[in-house]
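Notes for the structure review
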Amino acid sequence: MIIGLQFMGSANTVAIIGPQTSMIAHVLAPLANELQVPLLSFSATDPTLSSLQFPFFVRTAQNDLFQMAAISEMVEYYGWREVIAIYIDNDHGRNGVAALGDKLAERRCRISFKGPLVPRFNKSDVTDLLIKVSQEESQIIVLHMEPDFGLSVFSVAQYLQMMGNGYVWIATAWLSAILDSFAPLDSDTTSSIQGVLTLRMHTPDSKKKSALMSRWSELTSKDTAGTFRLNTYGLYAYDTVWILAHAIDAFFNQGGVISFSNDFRLQYAEGSLNLEAMKIFNGGKLLLTDIKNTNMTGLSGTIQFDPDGNLVRPAYDVLNVIGTGVREIGYWSNYSGLSIVSPETLYEKPPNRSVENQQLRNVIWPGDYTMKPRGWVFPNNGRRLSIAVPNRVSYREFVSQSNKTDMIKGYCMDVFFAAVSLLPYALPYRLIPFGNGIENPSYNELVYLVSTGVYDAAIGDIAIVTSRTRIVDFTQPYIDSGLVVVALVKKRDSSTFAFLRPFTLGMWGLTVVFFLIFGMVMWILEHRVNKDFRGPPKQQLITILWFSFSTLFFAHREKTLSTLGRLLLILWLFLVLIIQSSYTASLTSILTVQQLSSPIKGIDSLMSSHDPIGYQVGSFAENYMNEVLGIPKSRLKPLGSPVEYAHALELGPDNGGVAAVVDEQPYIDLFLSTQCNFAIRGQEFTKSGWGFAFPRDSPLAVDMSTAILLLSENGELQRIHDKWLMRTACTSETDELESNQLHLRSFTGLFFICGLACFIALLIYLFMLLHQFFWHFPEQPSESSSSRSGCVWRFLNFFYKEEEDLRSKSKGREVE
C-alpha cells in the first residue's frame, strides 16, 4: 500500500493496474477518484468496491457477489438450509460473507454461525474457532479466506476430525487459485482437503489461452525453485493489460492529451509519501470512458462492462478436490444457474432456470463418501431441546400429565417417542408442560412461542392450519383431522305410513302419472286389434288401470298383439323393474335399521340458524368459525370437556345449551365412542391433520417427518392408534344416519326415455292409422266444410272400431 502511494506521488500517473488485494484497493480507490486516475484491479473482488462509490475503480475480474450467488444456489440445490461461514476478519472477508448472507436469504437459507479469524491468526485461534463450529447444528462450512492462510484451517480441521463423513466444506476461489498454481501439493496438505468443493472463475478454452499457458510453463520451468503455473487470476491480469492498452489507443485516436494539474487540496507532505507532488490527470475521465467501453475477447472470454461496472456473463467452474487434483462437476453462470453444460453452449439458448435444468455431477464428499450429507447433526454441546407439550384437562387419551409421577403420556406422546427412536442420531430433550392444568391451553399461543424461540418444538394434538404454517414448520401429519358437526339425535320409530318413505312426494306423483300414461298409450295401440282391450267404455277404463298397475308385479294377463305395443311393454317392464328394486331396498333399510333424526343436517343448516354453537377451549375451531365462516362470536360457546359437550347438547339451545358442537374429528370420534345419543351431522367440512411444530427451516422437522412416514409404512402408527383410541362402548347406532329418500332426480333419465318412447310409438301409430283411413275413405275433391267435419267424425269412428270389422266391410264392398 505504501509503495502504491509513493509511486503515485513520485510520477505522473495515468492509470494503475492493481492492487492485488481488496484491502489495498479500499485505500487507493479514494485517491484514484481524487486524481482521476483509473485503477484497474484483476483480484480485488470485494463486492463493496462499486463503481458508484469509486467511479475510477475498474474491476477486471469477477465480483465476489456472483461467487456468493453461486454458493447459495449450490446450498439450495443440495437441499441444505443453514451454513457456517469462516472468514478472515478484514474488509474482504466481512463484505464477502455479508454478500453470502444476502444471497442465502433470497433462497430462504441463512448463515447460522459466523466465525471470523484475525488476519494474523495462529493455530490456537483456528482450533478454538473450529471447536465452537463442531458444536453447531450445521455441518455445511463455507471458508472465505486468503490464499496465504486458508490451508492452515483445513489442517486443523483434519486434526479435529472435521474432514470426515457428514461435513461439507465449500471454499471460495482462493483454493482453486492455489491448486492451479502449485499442484501437486505435499501429501499432508492434499489429504486435508479431500472432498472439498471450490469455485474457479470460468475461462473458456481457446487456442490463445493454450498458447499462453504453454509459453508460461516454458518460462517457469527454467526456475530452479520449481514450477509456478498460471491460474485464472493470471489470465485476468493478462487481459487487464490489453484492456488498458486498447483504451489508451482509443484515447489518443480521440485526440486525448496527457496533461496534469495540481491538486490544491493536497497541500502538505508527510514522510516519504510526498502527497503534494501528486497531480490530477486531466484526461482521466476520457480514458475511464474508453476503458468501460471495452468490447473485446480475451483469454478470460468476452470482456464488456455492464452499467454497474461488472464484467458481463459472470460464470464459475464448480470443482471437487479428489486425490492430487480437482474434478470439474459442473458450472455456474448468472445466465442459467447450475449446469453440467458449459456456459458458452447455454449462451446460445434462451435462459432456463427451471429446477429440472439445475444439475451437477456426483461428488466425492469428505471421508470418501458418495452419498449426499444431510448437512446437520444435533449439536453435542450438552444443550437439550426444550419441547412444549399441551397440558390437557380433557381428552387425556391424546396427551396428559400424570399427577403422581409427572410423566407425560398419551397417543401423541407414543407417536413422538416412536419417531425419535427411528432418528439416526441421539436427540437430547426435555418435555415442558404448557398450560395451567385447569383448562386446555391455547394452541395458537403455543405455536407462537415456538416461532419466537421460547420453545425449540411443540408436540401434541396440534392441528396444521394455514395461520400456523406461516410462522412454524410442521412435520408430516400423523393423523387425519378436520372439523365436523355433532348434534343430539333422536331415534325415529317406524310410523303407520313408513312404507311411503322410500319415495319423495314428487317421485310418487310422477310414478302414478306415468302408470296412467302407459295404460292409455297401450290401449291406443291395442284396442283396434286386441279383444282384451275391447268392450263397453267402463270395462275398457278398468282394463287400462288394471293393465298398467298390474305390470308393477308382472301380473298382467292381457296379451299384446301390436308390434309397437310389444316394444313399448319391454321398455316399460325394465323401468318397473328398476323402480321396484329401488323401492324394496330402501324400504328394507327403513324397516330394519334404526333411524336417527336431528334438525341439524350439517354446517350449512347450522350457519343458517341463530342457535349457539359449542367448541372446545383452545381449539382453532373458534377462529375458523368466526373469521372464515363469519359466525358471530356471540353465538360461540366454549366447552371444556366431553361431559360439558353432552350436557350442553342435551339442554339444547332453548335451555341454555347449544344446538351443536363443532370440533375436530379425532376428538369427536372419541366422544361418540361413549355417548350414544349424539351423531355427526353432515360431512367433514375442513381437511387437515395433526403434526409436531418446529421453528422455520428446522432440519429436525424433515427428519421427524421421515420417521413418521416409516411408522405409517410399518404399521406402528396404526397400532398406537388402536392402543389409545379404539373404544367399543357404543353400538353402531351412533354411526347410522337418516336414510336418504329416493328423489325424482335419480330417475329423471329413465322416465324421460320411457316418455319419449311412448311419444314416438303414438306418432308412428297415427301415421299408420291415417294411411288406413284414407285408403278406406278416399277424400272427394269437392267436399264442403260440413262434409269435412263429417270426415273427422268418420275418422274418430274409424279409430274406435275394431280393425276386423273394417276388414269384413272392405271385403263386402269388393264382392259387390
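Conventions used here
Residues numbered from 1 in each chain as written. Predicted model: local features only at pLDDT ≥ 70, side-chain atom pairs only at ≥ 80, totals over all residues. Heavy atoms only, no water. Pairing = 2+ DSSP bridges. Helix = DSSP H or I, 4+ residues; strand = E, 2+ residues; numbered from the N terminus. UniProt positions renumbered as here; feature names shortened; annotations may be inferred. Axes fitted to C-alpha atoms, helices over the stretch in contact; angles between N-to-C directions. Parallel < 35°, antiparallel > 145°, perpendicular 65-115°, else oblique. Left-handed = near helix turned anticlockwise from the far one by under 90°. Contact = heavy atoms within 4.5 Å. Nonpolar A, V, L, I, M, F, W, Y, C, P; charged D, E, K, R; others polar. Core = buried A, V, L, I, M, F, W, Y, C linked by side-chain atoms within 4.5 Å. Buried < 20%, exposed > 50% of the residue type's maximum accessible area, 1.4 Å probe, protein only. pLDDT = per-residue confidence, 0-100. Phe/Tyr/Trp six-rings, centres within 6.5 Å; stacked < 30°, edge-to-face > 60°. Lys NZ or Arg CZ within 6 Å of the ring centre and 35° of its normal.

Two orientations exist for strands paired in a sheet by backbone hydrogen bonds: parallel and antiparallel. Spatially, S1-S2-S3 is the arrangement adopted by the three strands of the open sheet, whose pairing is parallel. One side of each edge strand has no neighbouring strand; the edge strands of this open sheet are strand S1 (16-17) and strand S3 (57-59). Summarising the sheet, strand S2 (residues 39-41) and S3 pair through three bridges and their orientation is parallel. Residue pairing across strands places Leu-40 opposite Val-58, the latter belonging to S3.

Attention shifts here to the UniProt feature "transmembrane region" (unreviewed entry) in the protein chain. Taking the numbering used here, the UniProt-annotated feature "transmembrane region" (unreviewed entry) corresponds to residues 499-525, 567-591 and 749-770. A distance of 32 Å separates the end C-alpha atoms of residues 749-770, which is 100% helix and 0% strand.

Here the focus is the pairing of strand S14 (residues 325-333). Pairing analysis gives eight bridges linking strand S13 (residues 315-322) to S14, with the strands arranged antiparallel. By the bridge assignment, Leu-319 is partnered in S14 with Glu-328. Connecting S13 to the next strand, S14, in antiparallel fashion are two residues, including Gly-323 with a positive phi near 65°. Bridging between S14 and strand S15 (residues 337-339) involves three bridges; their strand directions are antiparallel. Each residue of the ladder has a partner; that of Tyr-331, found in S15, is Ser-339. Where S14 hands over to S15, the hairpin turn is made up of three residues, counted between the paired strands.

The sheet built from five strands is open, its strands ordered S27-S26-S28-S23-S29 with mixed pairing. Looking at which strands have only one partner, the edges of the open sheet turn out to be strand S27 (636-639) and strand S29 (678-681). Geometrically, the sheet is characterised by an average inter-axis angle of 35° between neighbouring strands, direction not taken into account. Here strand S26 (residues 613-616) runs beside S27; their pairing, made up of four bridges, is parallel. Bridge pairing in S27 places Ile-613 opposite Leu-636.

Right, let's talk about the packing of helix H10 (residues 232-253) against helix H11 (residues 284-292) for a bit. Between H10 and H11, the least distance of the axes is 8 Å, while the angle of their chain directions is 125°. As judged from the angle between their axes, H10 and H11 are oblique. Crossing handedness for the pair H10 and H11: right-handed. Residue-level inspection shows Ile-243, Leu-244, Ala-247, Ile-248, Ala-250 and Phe-251 of H10 in contact with H11, the latter providing Leu-286, Leu-287, Asp-290 and Ile-291. Broken down by class, the residue content of the contact of H10 with H11 amounts to nine nonpolar, no polar and one charged.

Another point: the nonpolar core. Residues Phe-398, Tyr-411, Tyr-478, Leu-606, Phe-692, Leu-700 and Met-704 are the most contacted members of the largest nonpolar core, which totals 86 residues. Per-element accounting of this core gives the leading share, eight residues, to helix H13 (residues 411-421). Those residues in contact with Tyr-478, other than ones at most four positions away along the chain, are Tyr-411, Cys-412, Val-415, Gly-460, Asp-461, Trp-690, Gly-691, Phe-692, Ile-708 and Leu-717. Core analysis: the second largest hydrophobic core is formed by 71 residues, Met-201, Phe-305, Trp-332 and Leu-360 among them.

The next point concerns the confidence of the model for the protein chain. Averaged over all residues, the pLDDT of the protein chain is 84; the fraction at 70 or higher stands at 84%. Low confidence marks residues 731-739, where pLDDT is under 50. Its contacts with residues over four positions away, or in another chain, come to 21 contacts.

This model, assessed by the stated rule, comprises 28 aromatic pairs. Each ring, one from Tyr-411 and one from Tyr-478, has its centre 6.0 Å from the other, and the planes form 50°; the classification is tilted. Taken as a pair, Tyr-411 in helix H13 and Tyr-478 in the loop between strand S21 (472-474) and strand S22 (479-481) lie far apart in primary sequence, 67 residues in all. With respect to class, Tyr-411 is no different from Tyr-478; both count as buried. Of note, Lys-123 hangs over the ring of Tyr-159, and the distance from its end group to the ring centre comes to 5.6 Å. In this arrangement the basic side chain of Arg-313 is found over the ring face of Tyr-347, its NZ or CZ atom lying 4.3 Å from the centre.

Attention now moves to the packing of helix H5 (residues 123-134) against helix H6 (residues 150-159). Packing of H5 against H6 brings their axes to within 10 Å, and their N-to-C directions diverge by 55°. Overall, the two elements H5 and H6 adopt an arrangement that is oblique. Every pair of crossing elements has a handedness; the one defined by H5 and H6 is right-handed. Taken together, the residues of H6 that come into contact with H5 (itself represented by Lys-123, Val-126, Thr-127 and Leu-130) are Val-153, Val-156 and Ala-157. Within the contact of H5 with H6, the residues separate by chemical class into five nonpolar, one polar and one charged.

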